[in-house]
Each structure stands twice: as structure tokens, then as C-alpha cells.
Amino acid sequence: SSLGYLNRFPVRDLKIDRAFVRDLDRGESGAILVTAIIGLAHSLGVKIVAEGVETPEQLAFLVAQRCDAAQGFYMSRPIPVAQFGALLAEHRNFVTGQVTPGASR
């Protein structure tokens, strides 16, 4: 969306589209863009969520850049509601935002 919305609406969270996260694996320009998005969001006091995280390398990069939250197949494929509670109990760090690279899934 337009960056102008960041000034017009009370934005609390900003999501990095998975296309940008996927580009982390495709060279320096992808990393530069994601780093800039995270920096811009933090400068505005906005929390940042990265979607489409599929590899431990992507997660490690996002953690190093102080991304606030991440979602994607690396954390879990879609699961039935009945299994969701067990997943949360097993991996409380996902809920608190303390996702760390190398943690068992």
C-alpha cells in the first residue's frame, strides 16, 4: 500500500509482504529493502510483522533486524483448531514474540 497511509491512519502494526521476505534469499537488495521497512516502522513507533517466513535463515535475519513478529510455514503449516492450543503451549515463545532461530518447531 501507499506509504502515505502511515500518516493518514492510526497504524499500529505494519506487515512485510511475503514477497519481500522471499527476496531475502535472492541477494543483497532484498535484505536492504526489508531492513529499511523495519527501520521505518520502528522510527514511526509501529510494530512490524513479517509474513511468509519459510526458512531458519529468513527468521534469523528478521530477528537480527529486530522484527517484532513473524508468521509463516517455518513456524507451522495450517493446523486444525484443536491442535492449535497444544502448539501454543509447546512453543510459548511464539506468542511472546521471543522467536529464536534454531528453536525446535
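One can find the structure itself at the top, above this paragraph.
Here the structure is a predicted model, which means the values were calculated and not measured.

1. Brief notes about a nonpolar patch on the surface
So, step 1. Together, Leu-3, Leu-40 and Leu-44 line one region of the surface with nonpolar side chains, adding up to about 280 Å² of accessible area.
So, step 2. Relative to the helices and strands, Leu-3 resides in the segment before helix 1 (5-8).

2. Some remarks on the packing of aromatic side chains
So, step 1. For the structure shown, the criterion picks out 0 aromatic pairs.
So, step 2. The ring of Phe-73 has Arg-77 lying over it, and the distance from NZ or CZ to the ring centre is 4.0 Å.

3. Here we look at helix 4 (residues 56-64)
So, step 1. Those residues of helix 4 not exposed but buried are Gln-58, Leu-59 and Leu-62. Projected down its long axis, helix 4 carries its buried residues within an arc of 95°, all on one side. Of the exposed residues in helix 4, those oriented more than 90 degrees away from the buried face are Glu-57 and Ala-64.
So, step 2. Where helix 4 is buried, its residues contact helix 2 (18-22), helix 3 (28-43), strand 2 (47-51) and strand 3 (69-71).

4. Digging into the nonpolar core
So, step 1. Core analysis: the biggest nonpolar cluster contains 16 residues, and Ile-16, Ile-38, Ala-50, Val-53 and Leu-62 have the highest contact counts within it.
So, step 2. Mapped onto this core, the elements with two or more residues apiece are helix 3, strand 2 and helix 4.
So, step 3. If you tally residues by element for this core, the top one is helix 3, at 4 residues.
So, step 4. Contacts of Ile-38, omitting those with residues within four sequence positions, involve Ile-16, Ile-48, Leu-62, Gln-65, Arg-66 and Cys-67.

Calculation rules
- Residues numbered from 1 in each chain as written.
- Predicted model: local features only at pLDDT ≥ 70, side-chain atom pairs only at ≥ 80, totals over all residues.
- Heavy atoms only, no water.
- Patch = residues over 30% accessible without salt bridge, like charges linked within 9 Å, V, L, I, M, F, W, Y side chains within 5 Å.
- Areas by Shrake-Rupley, 256 points an atom, 1.4 Å probe, with all protein chains shown as cover.
- Salt bridge = Lys/Arg side-chain N within 4 Å of Asp/Glu carboxyl O.
- Helix = DSSP H or I, 4+ residues; strand = E, 2+ residues; numbered from the N terminus.
- Phe/Tyr/Trp six-rings, centres within 6.5 Å; stacked < 30°, edge-to-face > 60°.
- Lys NZ or Arg CZ within 6 Å of the ring centre and 35° of its normal.
- Buried < 20%, exposed > 50% of the residue type's maximum accessible area, 1.4 Å probe, protein only.
- Arc of directions from axis to C-beta.
- Contact = heavy atoms within 4.5 Å.
- Core = buried A, V, L, I, M, F, W, Y, C linked by side-chain atoms within 4.5 Å.

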